[in-house]
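Commentary on secondary and tertiary structure
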Amino acid sequence: MPDVLPQQKLLLELLVMSGDIALADDISGTIMERTVNECEKQGWVKRSQFGAGFQKTTITEAGRAASGLKR
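Below or above, wherever it landed, is the structure these notes cover. Everything numeric in this text was worked out from a predicted model, so none of it was measured.

The rules behind each value
- All residue numbers refer to position in the chain's written sequence, counted from 1.
- Totals for whole chains, interfaces and linings use every residue, but because this is a predicted model, local features are given only for residues with pLDDT of at least 70 and side-chain atom pairs only at 80 or more, for both listing and counting.
- Side-chain metrics rest on all non-hydrogen atoms present in the structure, leaving aside hydrogens and water.
- By the criteria applied, helices consist of DSSP H or I runs no shorter than four residues and strands consist of E runs no shorter than two, each listed in order from the N terminus.
- Whether two strands pair depends on DSSP finding at least two bridges between them.
- The convention used is that axes are lines fitted to C-alpha atoms, helices contributing only their stretch in contact, and that angles between N-to-C directions extend from 0 to 180 degrees.
- As used in this record, nonpolar core signifies buried Ala, Val, Leu, Ile, Met, Phe, Trp, Tyr and Cys residues forming a set joined through side-chain atoms within 4.5 Å.
- The classification of residues rests on relative accessible area computed with a 1.4 Å probe and restricted to protein chains. Under 20% of the type maximum is buried, over 50% is exposed, and intermediate values are partly exposed.
- Two residues form a contact once any of their heavy atoms are found within 4.5 Å.
- Polar contact is the term for a pair of N or O atoms within 3.5 Å; when the atoms are in protein, one must be able to donate a hydrogen and the other to accept it, and sequence-neighboring residues count only if both atoms are side-chain atoms.
- Reported orientations rely on four angle classes, namely roughly parallel under 35 degrees, roughly antiparallel over 145, roughly perpendicular from 65 to 115, and oblique for the rest.
- Classification used: nonpolar for Ala, Val, Leu, Ile, Met, Phe, Trp, Tyr, Cys and Pro, charged for Asp, Glu, Lys and Arg, polar for all others including Gly.

**Considering the environment of Gly29**
For Gly29, the location among the structural elements is in the loop between strand E1 (21-24) and helix H2 (31-42). Taking the C-alpha atoms as reference, Gly29 lies 20 Å from Gln42; in sequence the two are 13 residues apart.

Next comes the structure, spelled out in structure tokens:
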């Protein structure tokens, strides 16, 4: 399993503790966008359209394992 960077671990922990989160579509160029993209490429999160201008971000089982936390 690849190393989990601190910002990735923080996002994964947030998703384990709070469930799905909605992110605005217009977060281009932000650390949040880069972190979510990195986690999505690893298969740790998945995104889906959620209303106008938002995407739902959900943790996967692989993401739970990478976070080191149990639900």
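Having seen it, we continue.
**Structural notes on the sheet that holds strand E3 (residues 54-59)**
The strand order E1-E3-E2 describes an open sheet built from three strands, whose pairing is antiparallel. Each of the sheet's edge strands pairs with one partner strand only, and the pair in question is E1 and strand E2 (45-49). Here the strands of the sheet are splayed against their neighbours by 35° on average, with no regard to which way each runs. Judged from the five bridges that link them, E2 and E3 form a sheet pairing that is antiparallel. What sits directly across from Gln49, in E3, is Gln55.

**Considerations on the nonpolar core**
The biggest cluster of nonpolar side chains holds 13 residues, and the ones touching the most others in it are Leu11, Leu12, Leu15, Cys39 and Val45. Of all the elements, helix H1 (residues 6-18) adds the most residues to this core, at four residues. Leaving out residues up to four positions away in the same chain, Cys39 has contacts with Gln8, Leu11, Leu12, Trp44 and Val45.

**Points about the pairing of E1**
Judged by which residues are buried, E1 turns out to be one-sided: Ile21 and Leu23 face inward and are buried, whereas Ala22 and Ala24, on the alternate face, are not. Looking at chain direction, E1 and E3 are connected through four bridges and run antiparallel. Residue pairing in the sheet places Ala24 in a bridge with Phe54 of E3.

**A closer look at the side chain of Ser67**
Counting through the fold element by element, Ser67 comes out in helix H3 (residues 61-67). Using a relative accessible area of 1% as the deciding quantity, one classes Ser67 as buried. Side-chain polar atoms of Ser67 contact the backbone oxygen of Arg64, separated by 2.8 Å. Apart from the residues within four sequence positions on either side, Ser67 is in contact with Lys9, Leu12, Glu13 and Val16.

**Some details on the packing of H1 against H2**
Where H1 meets H2, the closest approach of the two axes is 10 Å, and the angle between their N-to-C directions is 80°. By the criterion of interaxial angle, the relationship of H1 to H2 is roughly perpendicular. Across from Gln7, Gln8, Leu11 and Leu12 in H1, the residues of H2 making contact are Met32, Thr35, Val36, Glu38 and Cys39. For the contact of H1 with H2, a count of residues per class yields five nonpolar, three polar and one charged.

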